[in-house]
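So the chains spell out like this:
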Amino acid sequence: MDLTVTTLEGKDAGKISLSDAIFGLDPRQDLIQRIVRWQLAKKQQGTHQALGRADISRTGAKMFKQKGTGRARHHSARAPQFRGGGQAHGPVVRSHAHDLPKKVRALALRHALSAKAKASDIIVVDALTASEAKTKALTGSLSKLGLTNALFIGGAELDQNFRLAAKNIPNVDVLPVQGINVYDILRRGKLVLSKDAVAALEERFK
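As the structure is a computational prediction, the values presented were derived from the model and not from experiment.

A. Fine view of the domain arrangement of the protein. For the protein, the domain assignment lists domain 1 (2–45 + 98–205) and domain 2 (47–93). Computed over C-alpha atoms, the centres of domain 1 and domain 2 are 54 Å apart.

B. Focus on the pattern of salt bridges. In the structure shown here, the tally under the stated rule is seven salt bridges. Between Asp26 and Lys118 there is a salt bridge, with the nearest N and O atoms lying 3.4 Å from each other. Placement of Asp26 in the loop between α1 (20–23) and α2 (29–43) and of Lys118 in helix α3 (residues 102–118) is noted, with a sequence separation of 92 residues between them. Accessibility assignment for this pair places Asp26 and Lys118 in one class, exposed. The shortest N-O distance in the salt bridge between Arg187 and Asp184 comes to 3.7 Å. Here Arg187 and its partner Asp184 are both found in helix α6 (residues 182–187), three residues apart, which amounts to about one turn of the helix.

C. A look at helix α4 (residues 135–145). Within the sequence span of α4, burial applies to Leu138, Ser141 and Leu142. One side of α4 carries all its buried residues, which in axial view fall inside an arc of 95°. Along α4, exposed side chains directed more than 90 degrees from the buried face belong to Lys136, Ser143 and Lys144. In this structure, the buried side of α4 is in contact with β4 (150–154), α5 (160–166) and β5 (172–176). Where α4 terminates, the next one or two residues include Gly146, which has phi positive at roughly 75°.

Conventions adopted
Residue positions are given per chain, counting from 1 as you read along its sequence in written order. Reporting in this predicted model follows two pLDDT cut-offs: at least 70 for local features of residues, and 80 or more for side-chain atom pairs to be given and counted; totals over whole chains, interfaces and linings ignore these cut-offs and use all residues. The side-chain quantities take in all heavy atoms of the structure and omit both hydrogens and water. Where a domain begins and ends is set by an automatic assignment or by a domain database. By definition here, a salt bridge exists when the distance from a side-chain nitrogen of Lys or Arg to a carboxyl oxygen of Asp or Glu is within 4 Å. Labels follow the DSSP assignment, with helices taken as runs of H or I lasting at least four residues and strands as runs of E lasting at least two, numbered in each case from the N terminus. Burial here depends on accessible area, computed with a 1.4 Å probe over protein chains only, as a share of the maximum for the residue type. Under 20% is buried, over 50% is exposed, and the range in between is partly exposed. Throughout, the arc means that of the directions going from the helix axis to the C-beta atoms. Contacts were defined at the residue level, with two residues in contact if any of their heavy atoms lie within 4.5 Å.

Next up, the structure:
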């Protein structure tokens, strides 16, 4: 697959050939859904907790005698059916993370990249650099490219001026190539890759 390389100013900077093994697959939605679910599960804090009957500070004495009152038999006022009692089967502190094989994660990333390529939502730029850390200047450059919602993937080291300039632009994320992930690819409209990022991805999956 051949794509035109552009600069951040919108000028032509040649062409690049993308590997079909990474960008030319037929996207599998089930695989992409699995990795998104895995990522979101890992992000959950799992700190929600309700008080069970063992956590309630209340007397454990029998509420009233067993027989002769005409009422149902009860023991502790900490039981869930009473006001002020513990919650039955409430949430507890736990990890929501689950396992997913490394090979499945790697394959899902390739399918997410292929999905973007199939939708013509990949842009390759020669370099993600900025002469100064000015958000206004970068916003002007992105408007020339028609980018209002995008994920930028740079090389192993990000240009700090570009990173700082993009920091305050809404719906724009910047990541080094080692931080690329399926969820961030899908949540942004366009995927903008630097030539260094393309080379790193092809090296990673060869």
